[in-house]
Amino acid sequence: SCLGNHELFTEKLIGFSPVERMMRDKGVLHLDGQSLVNFYVGEQCYKMVITHKTPSHSAIHLLAGNKKIWEQTHCDICISADTHAPAIEQFSGLAGGGKYDDKVVLVKVGTYKTEGDMFAERNFGRSKSGAPTLVLFPFERRIVPFSSAKDAIVFMRGYNESEK
């Protein structure tokens, strides 16, 4: 879980973050601001930057802020939120593995609140539901992006069947 501006509004109002407290009580990592995470899947380490808000936005390219973070960190995966519109992009670039042919993935998560979000509509356009999902491999450096969790599950079922 990543601290976002909604939790900050609540924390300012009541003096603490109920979301942070709930996550901590359940043993879920709750990140503050922009965090760099070395995420291990089996033998592979994927360098991720996770943030609620990026330093810049673009009406033309939803992932412009993520790309700016990637330019500074050369992470493998950059995940952000804030604009309530899902997006995903994969490209080749100098990533955490240090090779130019590594695949880099930028992700902006959507929202499940698509009605009555006047702030998001005024600043970013209509909110969209979405759950971009990544499949990370444990024994080889491989990231497979999907625009939905459902598609990733279908892929994994087929992948597991082909491994038998």
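What this report covers is the structure whose coordinates are included nearby. (Residues numbered from 1 in each chain as written. Predicted model: local features only at pLDDT ≥ 70, side-chain atom pairs only at ≥ 80, totals over all residues. Heavy atoms only, no water.)

**Focus on the overall build of the chain**
On a plain count of helices and strands, the chain comes out with five helices and seven strands. In the chain, which comprises 164 residues, the share counted as buried stands at 37%. Taking the contacts inside the chain whose residues are at least 6 apart along the sequence as the reference set, 50% of them involve residues at least 24 apart. Here the chain displays about 9,900 Å² of accessible surface, and carbon together with sulfur accounts for 57% of that area. (Helix = DSSP H or I, 4+ residues; strand = E, 2+ residues; numbered from the N terminus. Buried < 20%, exposed > 50% of the residue type's maximum accessible area, 1.4 Å probe, protein only. Contact = heavy atoms within 4.5 Å. Areas by Shrake-Rupley, 256 points an atom, 1.4 Å probe, with all protein chains shown as cover.)

**Regarding the nonpolar core**
Ranked by internal contacts, the top residues of the largest apolar core, which has 15 residues, are Tyr46, Met48, Ile77, Val135, Leu136 and Ile143. Of all the elements in the fold, those that place two or more residues in this core are β1 (35-41), β2 (44-50), β5 (103-108), β6 (133-136) and β7 (143-146). Each residue touching Leu136, except ones within four places of it in the same chain, is listed here: Phe39, Val41, Tyr46, Met48, Ile77, Arg142 and Ile143. In terms of nonpolar packing, the next biggest core, distinct from the first, is built from 10 residues, Trp70, Cys78, Ala87 and Leu106 among them. (Core = buried A, V, L, I, M, F, W, Y, C linked by side-chain atoms within 4.5 Å.)

**Details of the environment of Ile143**
For Ile143, the position within the fold is in strand β7. Taking relative accessible area as the criterion, Ile143 reaches 8% and is therefore assigned buried. For the pair Ile143 and Val104, spaced 39 residues apart in sequence, the C-alpha separation works out to 8.2 Å.

**Focus on helix α3 (residues 64-73)**
Listing the buried residues of α3 in full gives Gly65, Asn66, Ile69 and Trp70. Looking straight down α3, one finds its buried side chains confined to an arc of 145°; they lie on one side. Those residues of α3 that are buried are in contact with β2, β3 (77-80), β4 (87-92) and β5. Note on α3: the residue one or two positions beyond its end, His74, has a positive phi of about 50°. (Arc of directions from axis to C-beta.)

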